[in-house]
Amino acid sequence: MEKRDKVTNVFLSGVGGQGTILASNILAAVFSSAGYDVKKAEVHGMAQRGGDVTTHFRFGKKVYSPLIKFGDADYLLAFELLEGLRYINWVKDDGKIVLNNHKIYPPVVNLGEMEYPENIPDIFRRYFNGNVYVVEGVEIARRLGNIQAANVVLIGAFSNFFPEIKEELWIESIKSLIPERIQELNIKAFLEGRRALS
Amino acid sequence: MKKVVMQGNEAIARGAYEAGVKVAAAYPGTPSSEILRTLAEKYPEVYAEWSANEMVAVQVAGGASIAGVRAMASMKHVGLNVASDALMTFAYTGVKGGLVIVVADDPFSHSSQNEQDSRNWARFAKVPMLEPSDSQECKDFTKIAFEISEKFDTPVLIRSETRVSHSDSIVELGERVEPNIPIGLDPKEAPKYTMVPAYVRQRRIFVEERMKRLEEYADTFQYNVMEINDTRYGIISSGVSYLYAKEVFPDWSFLKLGMVWPLPKKLIEEFFKKVKKVAIVEELDPFLETEIRAMGFKIWHGKDVVPKMYELSPEKVEQALKGNKFKPPKIRFDTSNLPKRPPNLCPGCSHRPLFYALKKLGLFVFGDIGCYTLATSPPLEAIHTTICMGAGVGMAHGASKALGKEGPGKACAVLGDSTFLHAGIPPLMNVAYNKGNSTTIVLDNKTTAMTGHQEHPGSGYTARLEPTVAVNYEELGKALGVKSIRYVNPYNVKETMDIIREEVNKDEPSLIICKDSPCILLRRAKPLEKFKYRGYSVDEEKCRGCRVCLEINCPAISWIKQEGTTKDGHRRKGVSYINRDLCVGCSVCEQICKFEAIKPIEK
Ligand SMILES: Cc1ncc(C[n+]2csc(CCOP(=O)(O)OP(=O)(O)O)c2C)c(N)n1
């Protein structure tokens, strides 16, 4: 298998409760099994209560910092549109963006005091042209029977960027992290997400 | 041996397990809580408990050490303030079985009430402190900390922080090896463990001599590592700050300190000899810098350029040391005005109606720390002080003494069940004893919710989830001398307001206990069963768009701008909307709607 020496930076963002941590655990399992050094950083605690959550995931031959340097993300994986836009400046010029086409209104929008930004995918396209991928994560997961699996749909879409990593490795890693009774659903979610982009 | 990806806290727990630890105690606190949780869930060989507070945790670990086993206590940074009284004197007595105290800092206060730098405790207590930077080091340093503890007869501090405790990286696993220390208590050792003045003075000499030996040891400590590369520039650093610096200046020379107290004088001297310009990169206080300057070295850069507040990051370190030459990445889109997304109380949370009631009563609320602190944010804005655990109860009493006759009816203290048991009992006893008249409200949600649902002495379960006795708050209040004790069901807003109003107006101490109010995420308490309906929806024919239901700040309720009229002809600017996916049917919005516009959905 061809190995990347350089460190690859994946920035994940979403809303507490969306399963960004599980998503990043899958990434850590996959890339460490593939023989890479990995580091992952996230903040637990207050963020679980519906606040914004971010995870920095890095892999390569040798990774030092657990945090990505501002402006150095190769990938942005956003589980919610506004939470994607919030971190647009973290991405490199030639970085790739995967957006879950899903809105969760923050309190100020609920209260009618501010508007939810419109056309977020278009804002991304303005700067990243063809490198913006919009995935119907929640719709796909809803069809499969549980919107909670949207995070794994996104991981499926994201997996396309790493053709050197075999599908089985992704599936094995998902199995190792998810309770048996929802494994089948999540593997389907992964495969649908993988097909959604390819 | 097997390699696995582990969180820093899990790796500390693994290190304790491999080091043969027999007793572990902790009080939860972000970012330290997973250490004890991991020990309780994964390693049955280790007795693991949630202690009532951090002071108790250190006492428990200290007692186990004196009985001859390896023992560990873990806590967040402010927890060590609570435990410091025990630490300062265990520093004199020393140990029998290794005694390690893990303290997890929180630069940037991701979820803390302050940003203190725990390294200062090591210098203050005259004990060694190790600082790991990633998960492998978390495990290795924990193991070696026990060896240092026994070899030098001292408690050892391990300092972690958010980005170490809550980062994951690869760890190579090892076997558990129990140390060869005779287990048992020996009365002849009393002079070592009984700190009366005569014995204190003896141990005092020992402490100074121990420090000298530790200083020498620091120079040879295997995790104080010198990396000589480009000799024009060098960085002295430790912990995660080292990783940030190494990331952005991989070709420079480094002195990475695994032990941040005491400092390795000879190594530092050698580094200054080998490298021309030496910078010190550390988060928070100029701890290393002050010490190294005091040794007489001229440093190139330190806190003159490295921020002394908040957490560091690779780009902050790069910017600090490159100065004008640092090129920040371009800002393509201004994100500063995007709608913010602060954390909020969950839909159906029992804290929400209680704080709504306090707000409607116009009370000044001496608050405390827990999920309920989220009631500080608008539009609830129903908490007016948050200092440290237990503080609200003492403060409400002080304020009532200051206000005198004007006091009753103006204020109350509110704190969670775990917080009450941690630090609320002495101040409540104090209210009764000193003839106060303040009201204390205990939010009994049957768990330590904020930090991730840990058990506590009122929850009825141990850390290993065995059923156990639970504190009876009413009996406790009576025993402390409080005569007026009431229960409220916070989901009944009107009744809750009536009872609180009565109690705060009394000229005697009151204790109000929330009942039937378990955390909405605590599955075993079946929190949803008591709700009559599965959810609520807005009747658009009746909603006048008055926004009263928005005052409770429920994530399920939003307001949509939309000019129109109700069925009976009232003009309105918008309507409320309830998100069915989020609503759990707590009925609080229905109770406060003045126009009967909120209707139940049958189960
Ligand atoms: C001295 C100290 N130890 C630990 C913490 C971390 N901490 C913050 S709130 C809290 C307890 C919250 O539990 P509870 O009072 O029951 O309120 P809940 O979150 O359940 O509403 C803890 C342990 C702290 N802030 N200070």
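Residues numbered from 1 in each chain as written. Chains lettered and ligands numbered in written order. Predicted model: local features only at pLDDT ≥ 70, side-chain atom pairs only at ≥ 80, totals over all residues. Heavy atoms only, no water.

**Some points on the overall build of chain A**
Worth spelling out the cut-off: By the criteria applied, helices consist of DSSP H or I runs no shorter than four residues and strands consist of E runs no shorter than two, each listed in order from the N terminus. The quantity called the radius of gyration is restricted to C-alpha atoms. Its globule counterpart is 2.2 Å times the number of residues to the power 0.38. For the exposure calls, accessible area comes from a 1.4 Å probe over protein chains only, and a residue counts as buried if that area is under 20% of its type's maximum, exposed if over 50%, partly exposed in between. Throughout, a contact is declared for two residues whenever any of their heavy atoms are within 4.5 Å.
The number of helices and strands found in chain A is 8 helices and 6 strands. For chain A, the N- to C-terminal ordering of α and β elements is β-α-β-β-β-α-β-α-α-β-α-α-α-α. Compactness check: chain A gives a C-alpha radius of gyration of 16 Å against a globular reference of 16 Å for 198 residues, within 12% of the reference. Referenced to the eigenvectors of the C-alpha coordinate spread, the extents of chain A come out at roughly 50 × 40 × 35 Å. A burial count over chain A gives 59% of its 198 residues as buried. Put simply, of all contacts in chain A between residues at least 6 apart along the chain, 66% involve residues at least 24 apart.

**Re the packing of aromatic side chains**
The condition is simple: Aromatic rings from Phe, Tyr and Trp, with only the six-membered ring used for Trp, were paired whenever their centres fell within 6.5 Å, and each pair was classed as stacked if the ring planes differed by under 30 degrees, edge-to-face if by over 60, and tilted otherwise. Our definition puts a charge over a ring when NZ of Lys or CZ of Arg is within 6 Å of the ring centre and also within 35 degrees of the ring normal.
Summed over all chains, the structure comprises 38 aromatic pairs over all chains. Put simply, the rings of A:Phe31, A:Tyr36, A:Phe57, A:Phe59, A:Tyr75, A:Tyr133, A:Phe158, A:Phe161, A:Phe162, A:Trp170 and A:Phe190 pair up and form one aromatic cluster. The ring of A:Tyr64 is capped by A:Lys62, whose NZ or CZ atom sits 5.3 Å from the centre of that ring. For the cation-ring pair, B:Arg203 lies above B:Phe206, with the distance from its terminal atom to the ring centre recorded as 4.1 Å.

**Regarding the pairing of strand 4 (residues 71–76) of chain B**
All names here are of chain B. Test applied: Here, a strand pair is defined by DSSP locating no fewer than two bridges between the strands. Crossovers are described as right-handed under a simple rule: with the strands pointing away from the observer, the path leading from the first strand over the helix to the second runs clockwise.
Of all 6 residues making up strand 4, 6 are buried, and the element is well covered by its neighbours. Side-chain alternation along strand 4 places Ala71, Ala73 and Met75 on one buried face and Met72, Ser74 and Lys76 on a second face that is also buried. Pairing analysis gives 4 bridges linking strand 2 (residues 23–26) to strand 4, with the strands arranged parallel. Looking at strand 4, one finds that Ala26 is bridged to Ser74. Between strand 4 and its parallel partner strand 5 (residues 99–105), the chain crosses via helix 4 (residues 77–93), and the hand of that crossover is right-handed.

**Some thoughts on the site of the ligand**
Residue and element names in this part refer to chain B. Counted only if it meets this: Only heavy atoms are used to decide nearness, and a residue is near a molecule or strand if one of them lies within 4 Å of it. Within 3.5 Å is the distance limit for a polar contact, defined as a pair of N or O atoms, with the added protein rule that one can donate a hydrogen and the other accept it, and that residues adjacent in sequence qualify only through two side-chain atoms. Surface accessibility in these figures is a Shrake-Rupley result with a 1.4 Å probe; residues are shielded only by whichever protein chains are displayed. Charged means Asp, Glu, Lys or Arg here, nonpolar means Ala, Val, Leu, Ile, Met, Phe, Trp, Tyr, Cys or Pro, and polar covers whatever is left, Gly included. Where each domain starts and ends follows an automatic or database-derived domain assignment.
Taken together, 26 residues surround the ligand, and among them Glu54, His351, Cys371, Asp417 and Thr419 come closest. Within the side chain of Gln113, an N or O atom sits 3.1 Å from a nitrogen atom of the ligand. A distance of 2.9 Å is found between an oxygen atom of the ligand and a backbone nitrogen or oxygen belonging to Ala449. Against a free-state accessible area of 590 Å², the protein chains account for coverage of 98% of the ligand. Contributing elements (two or more residues each) for the shell around the ligand: helix 4 and helix 16 (417–433). The leading source of residues in the shell around the ligand is helix 16, at 4 residues. A class-by-class count of the residues in the shell around the ligand yields 10 nonpolar, 13 polar and 3 charged. Mapped onto the domain boundaries, the shell around the ligand takes at least three residues apiece from domain 1 (3–218) and domain 3 (351–527).

**Some thoughts on the layout of surface pockets**
Inclusion rule: Both site types are read off a 1 Å grid over the protein atoms alone. A 1.4 Å probe that fits but cannot get out defines a cavity, while an open set with protein on both sides within 12 Å along at least five of seven lines defines a pocket; lining residues have an atom within 4 Å of a point. Grid points are joined across faces, edges and corners, and a volume is the space filled by probe spheres set on the points.
Approximately 1,000 Å³ is the volume found for the second largest pocket. Contributing to the lining of the second largest pocket are 34 residues, with A:Thr54, A:Tyr87, B:Phe108, B:His110 and B:Arg163 lying nearest its centre. Counted by class, the lining of the second largest pocket contains 17 nonpolar, 9 polar and 8 charged residues. Taken domain by domain, the lining of the second largest pocket gets at least three of its residues from each of domain 1 (3–218) and domain 2 (225–322) of chain B.

**Quick look at the domain arrangement of chain B**
All names here are of chain B. Let me state the cut-off plainly: By definition, the buried area sums, over both parts, the 1.4 Å-probe accessible area that each loses when the two are put together.
The domain architecture assigned to chain B consists of domain 1 (3–218), domain 2 (225–322), domain 3 (351–527) and domain 4 (531–601). A C-alpha centroid distance of 26 Å is found between domain 1 and domain 2. Facing the 30 residues of domain 1 at the interface are 26 residues of domain 2. Between domain 1 and domain 2, the buried area comes to about 2,300 Å², and carbon and sulfur atoms account for 58% of it.

**Looking at the side chain of B:Ser438**
Residue and element names in this part refer to chain B. Mapped onto the secondary structure, Ser438 falls in the loop between helix 16 and strand 16 (439–443). Residue classification places Ser438 among the buried residues on the basis of a relative accessible area of 7%. Ignoring anything within four residues of it in the chain, the contact list for Ser438 reads Ala396, His397, Val431, Glu508, Pro509 and Ser510.

**What to know about the interface of chain A and chain B**
Rules: Each salt bridge in this description consists of a side-chain nitrogen of Lys or Arg and a carboxyl oxygen of Asp or Glu lying within 4 Å of one another.
Contacts between the two partners involve 55 residues from chain A and, on the opposite side, 53 residues from chain B. Summed over both partners, the interface of chain A with chain B buries about 4,700 Å², with 58% contributed by carbon and sulfur atoms. Salt-bridge contacts for A:Arg58 lead to B:Glu247; the nearest nitrogen and oxygen are separated by 2.9 Å. On inspection of chain A and its partner chain B, the count reaches 21 residue pairs in polar contact (both at pLDDT 80 or more). For the side of chain A that touches chain B, the elements supplying multiple residues, two or more each, are helix 1 (20–33), strand 2 (37–42), strand 3 (52–60), helix 2 (81–85), strand 5 (91–100), helix 3 (107–110) and helix 4 (120–128) of chain A. A total of 6 residues in the side of chain A that touches chain B trace back to one element, the largest contributor, which is strand 2 of chain A. Partitioned by chemical class, the residues of the side of chain A that touches chain B number 29 nonpolar, 11 polar and 15 charged. Bridge count for strand 2 of chain A against strand 8 (residues 167–172) of chain B is 3 bridges, and the pairing is antiparallel. If you follow A:Ala41 over to strand 8 of chain B, its bridge partner there is B:Ser167.

**Observations concerning the environment of B:Pro555**
Here B:Pro555 shows up in the loop between strand 19 (535–538) and strand 20 (557–565). Between the alpha carbons of B:Pro555 and B:Pro347 there is a distance of 6.0 Å; along the sequence they are 208 residues apart.

**Digging into the nonpolar core**
A general tendency of soluble globular proteins is for nonpolar side chains to be buried together. All names here are of chain B. As a reminder, the rule being used: Only buried residues count toward a nonpolar core. Its members are Ala, Val, Leu, Ile, Met, Phe, Trp, Tyr and Cys residues joined through side-chain atoms within 4.5 Å.
In this structure, Ile148, Ile236 and Ile292 are the most contacted members of the largest nonpolar core, which totals 107 residues. No other element matches helix 6 (residues 135–152), which puts 7 residues into this core. Residue-level mapping places this core at the junction of two domains, with at least three residues from each of domain 1 (3–218) and domain 2 (225–322). With near-sequence residues (within four places) excluded, Ile292 lies in contact with Ile236, Leu263, Ile268, Phe272, Ile280, Phe297 and Ile299. If you look at the next biggest cluster of nonpolar residues, it comprises 72 residues, including Leu511, Cys549, Cys586 and Val588.

**Section: the packing of helix 6 of chain B against helix 9 (residues 197–220) of chain B**
Residue and element names in this part refer to chain B. This is how the line gets drawn: Only C-alpha atoms enter the line fits that serve as axes; for helices the fit covers just the stretch in contact. Angles between N-to-C directions range over 0 to 180 degrees. Any angle between 65 and 115 degrees counts as roughly perpendicular, while under 35 counts as roughly parallel, over 145 as roughly antiparallel, and the rest as oblique. Left-handed is the label given to a crossing in which the near helix is rotated counterclockwise from the far helix by less than a right angle, and right-handed is the label when the rotation is clockwise.
At a closest axis distance of 11 Å, the pairing of helix 6 and helix 9 adopts a crossing angle of 135°. Relative to helix 9, helix 6 is oriented oblique. For helix 6 against helix 9, the interelement crossing comes out right-handed. Seen from helix 6, the contacting residues are Ile144, Ile148, Lys151 and Phe152; seen from helix 9, they are Phe206, Arg210, Arg213, Leu214 and Tyr217. Tallied by class, residues from the contact of helix 6 with helix 9 come to 6 nonpolar, no polar and 3 charged.

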